[in-house]
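Chain by chain, the residues:
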Amino acid sequence: MNAHTSFPASDFSAPLRQRQWADASPQAMLCRAVIDETHDVKTFVFSAASDCMFCFNAGQYVVLHLAIDGVVVARSYSVSSPPTRPLDLHITVKRTPGGLVSNWIHENLRAGDEIKIEGPRGSFKLDGLPGEKPLFLAGGSGITPLMSMLRTLTDRASDLDLCLIYSARSPRDLIFRSELDALAARFRNLSVTCVCSRADPSWAGPTGRMDGPLLLRLVPDLRERTVYACGPEQYMKALRDGLGQAGVDPRGYHEESFGGALGGAAPDVASAVSSSVHFARSGLEHRCAPGETLLEAARNCGVYVPTGCQQGICGACRIAKLSGEVAMQDLGGLTSEEKSAGFVLACCSRAQGSVLLDL
């Protein structure tokens, strides 16, 4: 961490410079402020090293590169601020018990500190939002990308019929609660309902876990809406089951998942398949052990690959495959266009024979 920084103070009276921050490589950012949201959630406000506007789409995420105990660690976090306010970038981080990065961020990242941020990334985004009746379904810290979407729509004074159902364990776990109440009071086309899964004497709102009957009770026109959902995997699974029970058309469902285990066992890359990875730019070659991922192969050779979730979700370890075949078990970290262009995810891809990577 830098105790002092040479970053210039923002001059909001000066003409806005038109350079846009939209580069996939890590960029130096300055933490301007830290905001306490709940007992275990903080929002961190960043500005760029040089005057620029943040160019991203509501719903996307960025990758933080942090030096923790002498090791560079990368983690992905959704942007919670809207692109309609382009002079700063907010990420909202929930402290996870035992989590290396979230605990370090909460305990160490302060206003005035400099870190590197990479992005923006992700195909879960607001542009091209279909239909006139979007439904946002959030569980826990999954509110963060949806909050970016809601802030964008309300900043634009959108006349869409907006509905948010936000689930949390208890009232004290509801992130952005006062702002959501204020937005719902100000915009008549926005309906906000918070649901707590645990009974609480102070809570007069709906309780329970998401299922078909509860969804239909809270959103009677559920089948007419386009759904945007985000939350931990346990919540997402219950949500998908509930939407299926309610008869929602899967074509109108879009999701971003936070964590969770891979949907099955790793593919069996038996020792009968002799595999190797060639790194084109580094000039290195590595013979793979059975079941070894491309990420593990790169690390064993000392080749740097940025990583985030390491589960095939976030897309941070995307690399270009120049030739060869891999077995990839991803959870939506690549778009169909990226797959067609030859990109693979290093964390969940295993070489099948000889593979050449653009690294």
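Residues numbered from 1 in each chain as written. Predicted model: local features only at pLDDT ≥ 70, side-chain atom pairs only at ≥ 80, totals over all residues. Heavy atoms only, no water.

### Re the confidence of the model for the protein
Piece 1. Mean pLDDT over the protein stands at 86; residues scoring 70 or higher make up 88%.
Piece 2. Every residue in residues 1-17 scores below 50 in pLDDT, and together they form 27 contacts with partners more than four places removed in sequence or on other chains.
Piece 3. Note that pLDDT drops below 50 for residues 260-272; the model gives that stretch 20 contacts with residues more than four away or on any other chain. (pLDDT = per-residue confidence, 0-100. Contact = heavy atoms within 4.5 Å.)

### Re the packing of aromatic side chains
Any aromatic ring pair is given by two values, namely how distant the centres are and how the planes are angled relative to each other.
Piece 1. In the structure shown here, the tally under the stated rule is two aromatic pairs.
Piece 2. Here phenylalanine 136 and tyrosine 228 contribute two aromatic rings whose centre-to-centre distance is 6.2 Å and whose plane-to-plane angle is 45°, an arrangement assigned as tilted. Of this pair, phenylalanine 136 sits in strand S9 (residues 134-139) while tyrosine 228 is found in strand S12 (residues 226-232), placing the two residues 92 residues apart along the sequence.
Piece 3. One aromatic cluster is present, formed by Phe124, Phe136 and Tyr228 through successive ring pairs.
Piece 4. When the ring centre of phenylalanine 176 is taken as reference, the NZ or CZ atom of arginine 151 above it lies at 4.9 Å. (Phe/Tyr/Trp six-rings, centres within 6.5 Å; stacked < 30°, edge-to-face > 60°. Helix = DSSP H or I, 4+ residues; strand = E, 2+ residues; numbered from the N terminus. Lys NZ or Arg CZ within 6 Å of the ring centre and 35° of its normal.)

### Some remarks on the nonpolar core
Piece 1. Counting 29 residues, the largest nonpolar core has Phe136, Ile143, Leu146, Met149, Leu164 and Tyr166 as the members making the most contacts within it.
Piece 2. Mapped by element, the contributors of at least two residues to this core are S9, helix H2 (143-155), strand S10 (162-168), helix H3 (177-186), strand S11 (190-196) and S12.
Piece 3. With 25 residues, the next largest nonpolar core counts Phe44, Ile68, Ile91 and Val93 among its residues. (Core = buried A, V, L, I, M, F, W, Y, C linked by side-chain atoms within 4.5 Å. Buried < 20%, exposed > 50% of the residue type's maximum accessible area, 1.4 Å probe, protein only.)

### Examining the environment of aspartate 155
Piece 1. The residue aspartate 155 is located in helix H2 in this model.
Piece 2. Using a relative accessible area of 36% as the deciding quantity, one classes aspartate 155 as partly exposed.
Piece 3. Separated by 72 residues in sequence, aspartate 155 and proline 83 have C-alpha atoms that sit 9.8 Å apart.
Piece 4. In terms of polar contacts, aspartate 155 uses its side chain to reach the side chain of threonine 84, at 2.7 Å.
Piece 5. A distance of 2.9 Å separates the side chain of aspartate 155 from the side chain of arginine 85, its partner in a polar contact. (Polar contact = N/O pair within 3.5 Å; in protein donor to acceptor, adjacent residues only side chain to side chain.)

### Brief notes about the environment of arginine 209
Piece 1. By the secondary structure assignment, arginine 209 is in the loop between S11 and helix H4 (212-218).
Piece 2. For arginine 209, the contacting residues outside a window of four places in its chain are Ser197 and Leu214.

### Looking at the sheet that holds strand S3 (residues 41-48)
Piece 1. Spatially, six strands are ordered S6-S5-S8-S2-S3-S7 in an open sheet, and the strand pairing comes out antiparallel. Of all the strands in the sheet, the pair left with one neighbour each is strand S6 (71-78) and strand S7 (89-94). Sheet twist, expressed as the average angle between the axes of neighbouring strands with direction ignored, equals 40°.
Piece 2. As paired elements, strand S5 (residues 61-68) and S6 share eight bridges and run antiparallel to each other. Within S6, the residue paired with leucine 64 across the bridge is arginine 75.
Piece 3. Against the sheet, helix H1 (residues 100-108) engages S3, S5, S6 and S7, with an angle of about 75° to S5. (Pairing = 2+ DSSP bridges. Axes fitted to C-alpha atoms, helices over the stretch in contact; angles between N-to-C directions.)

### Points about the pattern of salt bridges
Piece 1. Tallied over the entire structure, the rule returns 17 salt bridges.
Piece 2. Linking arginine 240 and glutamate 233 is a salt bridge whose minimum nitrogen-to-oxygen distance equals 2.5 Å.
Piece 3. Arginine 318 is paired through a salt bridge with glutamate 338; the nearest N and O atoms lie 2.7 Å apart. Note that arginine 318 is positioned in strand S16 (residues 318-328) and glutamate 338 in helix H7 (residues 336-340), a separation of 20 residues in sequence.
Piece 4. Accessibility expressed as a relative area gives 29% for arginine 318, which makes it partly exposed. (Salt bridge = Lys/Arg side-chain N within 4 Å of Asp/Glu carboxyl O.)

### Quick look at helix H6 (residues 294-301)
Residues three or four positions apart in an α-helix share a direction because the helix packs 3.6 residues into each turn.
Piece 1. Within H6 the residues assigned to the buried category are Leu294, Leu295, Ala297 and Ala298. The buried residues of H6 occupy an angular sector of 160° when the element is viewed end-on, so they sit on one face.
Piece 2. Count one or two residues on from H6 and you reach glycine 302, which has phi positive near 80°. (Arc of directions from axis to C-beta.)

### Section: the packing of H2 against H3
Piece 1. Following both chains from N to C, one finds H2 and H3 inclined at 30°, their axes separated by 12 Å at the closest point. When you trace H2 past H3, the crossing you get is left-handed. Of the residues in H3, those touching H2 at Met147, Leu150, Arg151 and Thr154 are Glu179, Leu180 and Leu183.
Piece 2. Of the residues contributing to the contact of H2 with H3, the split by class is four nonpolar, one polar and two charged. (Left-handed = near helix turned anticlockwise from the far one by under 90°. Nonpolar A, V, L, I, M, F, W, Y, C, P; charged D, E, K, R; others polar.)

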